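# Descriptive analysis of the structure
Read off the chains here:
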Amino acid sequence: ISYERLVTPSTGVNEIRKMADLLRNQPGMNIIPDAGLGCIYQQSWIYSANLEEDRVGPDIALYNFTIDQMEVIRDTLDSYVVKYSSGSWVNNPLAQELVGMLAEYAQEVTDKLTEADVNPPPTPPPNPEYWYNISEWYSSVGKGNRNQKAKVQKMAL
């Protein structure tokens, strides 16, 4: 099941059908016929579910990956596409569906990397506490800051 396909109206009903097929004929499960899945999808997902408004926590825009992380994600997705597109997986319909989903995700990450390359994120402003923190750290290791300007000037006397 692909979340992105589930939340997209043109593919959502098919994703719901996959779940229904999995649960159908299981003990204690009463699943409606496929003809009613579209109606259920419309009523429960499209008209009543607003995930962004119900979400608790920091703004979703604050969750970002670094470019290096996105490259690792893309490379990993590409390796899985290659793996499940060959060998004994070629004739497995579930593996081929997985390949399609992984390729979609890989393309999405590639598009974001291309966008970041064309329009890189701005460099953050200097942190005024940086030099102070570096000085404090340096003074805390070894014998402290023995090259401190005032100490060196006293040596010359």
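Structure's up top.
Described in the following lines is the structure provided in the data block. (Residues numbered from 1 in each chain as written. Predicted model: local features only at pLDDT ≥ 70, side-chain atom pairs only at ≥ 80, totals over all residues. Heavy atoms only, no water.)

## Focus: unusual backbone geometry
The phi torsion at Asn-25 lies on the positive side, around 70 degrees, for a residue other than glycine. Among the structural elements, Asn-25 can be located in the loop between helix 2 (9-23) and helix 3 (37-46). Under the relative-accessibility criterion, Asn-25 is labelled exposed at 73%. (Helix = DSSP H or I, 4+ residues; strand = E, 2+ residues; numbered from the N terminus. Buried < 20%, exposed > 50% of the residue type's maximum accessible area, 1.4 Å probe, protein only.)

## Thoughts on the packing of aromatic side chains
Throughout the structure, instances matching the rule amount to three aromatic pairs. Relative to Trp-89, the ring of Tyr-84 lies with its centre 4.8 Å away and its plane at 75 degrees, an arrangement referred to as edge-to-face. Here Tyr-130 and Trp-131 contribute two aromatic rings whose centre-to-centre distance is 5.0 Å and whose plane-to-plane angle is 75 degrees, an arrangement assigned as edge-to-face. Taking relative accessible area as the criterion, Tyr-130 reaches 42% and is therefore assigned partly exposed. Trp-131 sits in the exposed class, given a relative accessible area of 64%. Put simply, the rings of Tyr-80, Tyr-84 and Trp-89 touch in pairs and so form one group of aromatic residues. (Phe/Tyr/Trp six-rings, centres within 6.5 Å; stacked < 30°, edge-to-face > 60°.)

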